[in-house]
Amino acid sequence: MSKNLPYIMLSPQPQVEEAFAAYQTTHQFYHEVRSRSEFQHYCEWYYATAEQHRQELKRMRGELNIFQWFRRR
(Lines give C-alpha, C1' and ligand atoms only; values in the text may rest on other atoms or scores of the structure.)
Protein backbone atom coordinates (compact mmCIF):
# COMPACT_ATOMS: atom_id res chain seq x y z
CA MET A 1 0.00 0.00 0.00
CA SER A 2 2.87 2.40 0.67
CA LYS A 3 3.76 2.38 -3.03
CA ASN A 4 0.23 3.64 -3.80
CA LEU A 5 0.30 6.46 -1.24
CA PRO A 6 1.65 9.12 -3.62
CA TYR A 7 -1.40 8.55 -5.82
CA ILE A 8 -3.84 8.78 -2.93
CA MET A 9 -2.34 11.70 -1.02
CA LEU A 10 -0.40 14.53 -2.57
CA SER A 11 1.63 15.31 0.56
CA PRO A 12 5.33 14.48 0.66
CA GLN A 13 5.97 10.93 1.89
CA PRO A 14 7.54 11.75 5.33
CA GLN A 15 4.56 13.94 6.29
CA VAL A 16 2.10 11.22 5.35
CA GLU A 17 3.99 8.63 7.38
CA GLU A 18 4.11 10.99 10.38
CA ALA A 19 0.38 11.63 10.12
CA PHE A 20 -0.37 7.90 9.95
CA ALA A 21 1.98 7.20 12.85
CA ALA A 22 0.30 9.89 14.96
CA TYR A 23 -3.14 8.55 14.04
CA GLN A 24 -2.14 4.97 14.86
CA THR A 25 -0.64 5.99 18.21
CA THR A 26 -3.73 8.01 19.11
CA HIS A 27 -6.03 5.18 18.06
CA GLN A 28 -4.09 2.63 20.12
CA PHE A 29 -4.05 4.96 23.14
CA TYR A 30 -7.82 5.50 23.12
CA HIS A 31 -8.41 1.80 22.54
CA GLU A 32 -6.26 1.00 25.58
CA VAL A 33 -8.08 3.62 27.69
CA ARG A 34 -11.46 2.22 26.64
CA SER A 35 -10.36 -1.36 27.35
CA ARG A 36 -9.06 -0.48 30.80
CA SER A 37 -12.18 1.51 31.61
CA GLU A 38 -14.44 -1.38 30.58
CA PHE A 39 -12.33 -3.79 32.63
CA GLN A 40 -12.52 -1.46 35.65
CA HIS A 41 -16.32 -1.27 35.35
CA TYR A 42 -16.51 -5.05 35.04
CA CYS A 43 -14.37 -5.50 38.17
CA GLU A 44 -16.55 -3.06 40.12
CA TRP A 45 -19.70 -4.90 38.98
CA TYR A 46 -18.17 -8.27 39.80
CA TYR A 47 -17.13 -7.25 43.35
CA ALA A 48 -20.51 -5.66 44.03
CA THR A 49 -22.35 -8.76 42.78
CA ALA A 50 -20.08 -11.06 44.79
CA GLU A 51 -20.73 -9.02 47.94
CA GLN A 52 -24.47 -9.15 47.30
CA HIS A 53 -24.30 -12.93 46.88
CA ARG A 54 -22.33 -13.28 50.11
CA GLN A 55 -24.98 -11.29 51.96
CA GLU A 56 -27.77 -13.40 50.45
CA LEU A 57 -25.97 -16.60 51.41
CA LYS A 58 -25.51 -15.32 54.97
CA ARG A 59 -29.25 -14.60 55.18
CA MET A 60 -30.15 -17.97 53.70
CA ARG A 61 -27.98 -19.81 56.22
CA GLY A 62 -29.81 -18.02 59.01
CA GLU A 63 -33.27 -19.00 57.77
CA LEU A 64 -35.14 -22.08 58.89
CA ASN A 65 -34.53 -25.07 56.63
CA ILE A 66 -38.00 -26.49 55.90
CA PHE A 67 -36.73 -29.21 53.57
CA GLN A 68 -34.83 -30.81 56.44
CA TRP A 69 -38.16 -31.71 58.11
CA PHE A 70 -39.24 -33.71 55.05
CA ARG A 71 -35.96 -35.54 54.68
CA ARG A 72 -35.93 -36.96 58.22
CA ARG A 73 -36.98 -40.59 58.46
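Use the structure listed above.
What comes next is a walk through the structure. Just so we're clear, the structure is a prediction, and the values are computed from it rather than from any experiment. (Residues numbered from 1 in each chain as written. Predicted model: local features only at pLDDT ≥ 70, side-chain atom pairs only at ≥ 80, totals over all residues. Heavy atoms only, no water.)

## Looking at the overall build of the protein
Each helix and strand in the protein was counted, giving three helices and zero strands. When its helices and strands are written in sequence order, the protein yields α-α-α. Of all 73 residues assigned to the protein, the portion counted as buried reaches 5%. Per element, the accessible surface of the protein, about 7,600 Å² overall, is 59% carbon and sulfur. (Helix = DSSP H or I, 4+ residues; strand = E, 2+ residues; numbered from the N terminus. Buried < 20%, exposed > 50% of the residue type's maximum accessible area, 1.4 Å probe, protein only. Areas by Shrake-Rupley, 256 points an atom, 1.4 Å probe, with all protein chains shown as cover.)

## Some details on the pattern of salt bridges
Tallied over the full model, the rule gives two salt bridges. Residue glutamate 51 pairs with arginine 54 through a salt bridge whose shortest N-O separation is 3.0 Å. Placement of the pair is glutamate 51 and arginine 54 together in helix α2 (residues 13–62), with a separation of three residues, close to one helical turn. (Salt bridge = Lys/Arg side-chain N within 4 Å of Asp/Glu carboxyl O.)

## Things to note about α2
For α2, spanning 50 residues, the distance from its first C-alpha to its last is 73 Å, which sits close to the expected 74 Å at 1.5 Å a residue. When we look at burial in α2, the residues that qualify are Val16, Cys43 and Thr49. (Expected span 1.5 Å × (residues − 1).)

## Digging into the packing of aromatic side chains
Under the criterion given, the structure shown has four aromatic pairs. Ring geometry for phenylalanine 29 and tyrosine 30: centres 5.3 Å apart, planes at 75°, overall edge-to-face. For the pair formed by phenylalanine 29 and tyrosine 30, the shared burial category is exposed. Ring geometry for tyrosine 46 and tyrosine 47: centres 6.1 Å apart, planes at 75°, overall edge-to-face. Taking relative accessible area as the criterion, tyrosine 46 reaches 45% and is therefore assigned partly exposed. Among the aromatic residues, those joined into a cluster by ring pairs are Tyr42, Trp45, Tyr46 and Tyr47. (Phe/Tyr/Trp six-rings, centres within 6.5 Å; stacked < 30°, edge-to-face > 60°.)

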